[in-house]
Amino acid sequence: MDLLAITALLYVSSYVFFHAAKKRTGFKRVKDSLALRRTAYGLGWIGVVLAAGLIVSRKGWEVGIPLWIGAWVVAAVISVFLEATFKKVHAPLAAISALVFAFGLISVSWESTI
């Protein structure tokens, strides 16, 4: 469950990165505002670093970093695929992923297993 929660957080971060770019976003306010784009990039990086910290604290450096990289790749591929093929599904799925991450934080014991 902890890897699913991390992948969900990384998916939300990938969604935020995708819509932080001026050329790709479908949100007019984000296109017009440099401050909103920078905020989105900052939130995306916070999500990525938080995911890395959580998985490393759970699995250790040797296993956590490869899991984090793999989860980030999976989340980014899903994000790009959904945006390219099913544009209307992308935003609701990001919201569902945020809920999955929140459920994962609640249900998983995040103490270090080292």
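Predicted model only: the values in this text are computed from it and were never measured.

### Some remarks on the overall build of the protein
Secondary structure summary: the protein contains 5 helices and 0 strands in total. Each helix (α) and strand (β) of the protein, taken in turn from the N terminus, gives the series α-α-α-α-α. Buried positions account for 39% of the 114 residues belonging to the protein. Here the protein has roughly 6900 Å² of accessible surface; of this, 74% comes from carbon and sulfur atoms.

### Considerations on helix α1 (residues 2–20)
Taking 1.5 Å as the rise per residue, α1 with 19 residues should run 27 Å; its terminal C-alpha atoms sit 27 Å apart, in good agreement. A large share of α1 lies buried, amounting to 15 of its 19 residues.

### Considering the packing of α1 against helix α4 (residues 61–85)
Taken N-terminus to C-terminus, the directions of α1 and α4 make an angle of 50 degrees; their axes are 8 Å apart at the nearest point. By the criterion of interaxial angle, the relationship of α1 to α4 is oblique. Of the two elements, α1 crosses α4, and the hand of that crossing is right-handed. In this structure, α1 contributes Leu3, Ile6, Thr7, Leu10, Tyr11, Ser14, Tyr15, Phe17, Phe18 and His19 to the contact, and α4 contributes Leu67, Trp68, Ala71, Trp72, Val74, Ala75, Ala76, Ile78, Ser79, Leu82 and Glu83. In the contact of α1 with α4, the residues fall into 16 nonpolar, 4 polar and 1 charged.

### A few points about the confidence of the model for the protein
Chain-level statistics for the protein give a pLDDT mean of 80 and a share of 88% at 70 or above. Of all helices and strands in the protein, the one with the weakest mean pLDDT is helix α2 (residues 28–32) (74), whereas helix α3 (residues 34–59) scores best (88).

### Thoughts on a nonpolar patch on the surface
Among the surface-exposed residues, Ile69, Val73 and Val77 lie close enough to one another that they form a single nonpolar patch of about 260 Å² accessible area. Tracing the backbone through its elements, the reader meets valine 73 in helix α4. Under the relative-accessibility criterion, valine 73 is labelled partly exposed at 48%.

### Brief notes about the packing of aromatic side chains
Inspection of every chain in the model, using the stated rule, returns 4 aromatic pairs. Summarising the aromatic geometry, the rings of phenylalanine 17 and tyrosine 41 are spaced 6.2 Å apart at their centres and angled 40 degrees between planes, so their arrangement reads as tilted. Of the two residues, phenylalanine 17 is situated in helix α1 and tyrosine 41 in helix α3; the sequence distance between them amounts to 24 residues. Using a relative accessible area of 14% as the deciding quantity, one classes phenylalanine 17 as buried. The structure contains a cluster of three or more aromatic residues connected by ring pairs, namely Phe17, Tyr41, Trp45, Trp68 and Trp72.

Each value, and the rule that gives it
Residues numbered from 1 in each chain as written. Predicted model: local features only at pLDDT ≥ 70, side-chain atom pairs only at ≥ 80, totals over all residues. Heavy atoms only, no water. Helix = DSSP H or I, 4+ residues; strand = E, 2+ residues; numbered from the N terminus. Buried < 20%, exposed > 50% of the residue type's maximum accessible area, 1.4 Å probe, protein only. Areas by Shrake-Rupley, 256 points an atom, 1.4 Å probe, with all protein chains shown as cover. Expected span 1.5 Å × (residues − 1). Axes fitted to C-alpha atoms, helices over the stretch in contact; angles between N-to-C directions. Parallel < 35°, antiparallel > 145°, perpendicular 65-115°, else oblique. Left-handed = near helix turned anticlockwise from the far one by under 90°. Contact = heavy atoms within 4.5 Å. Nonpolar A, V, L, I, M, F, W, Y, C, P; charged D, E, K, R; others polar. pLDDT = per-residue confidence, 0-100. Patch = residues over 30% accessible without salt bridge, like charges linked within 9 Å, V, L, I, M, F, W, Y side chains within 5 Å. Salt bridge = Lys/Arg side-chain N within 4 Å of Asp/Glu carboxyl O. Phe/Tyr/Trp six-rings, centres within 6.5 Å; stacked < 30°, edge-to-face > 60°.

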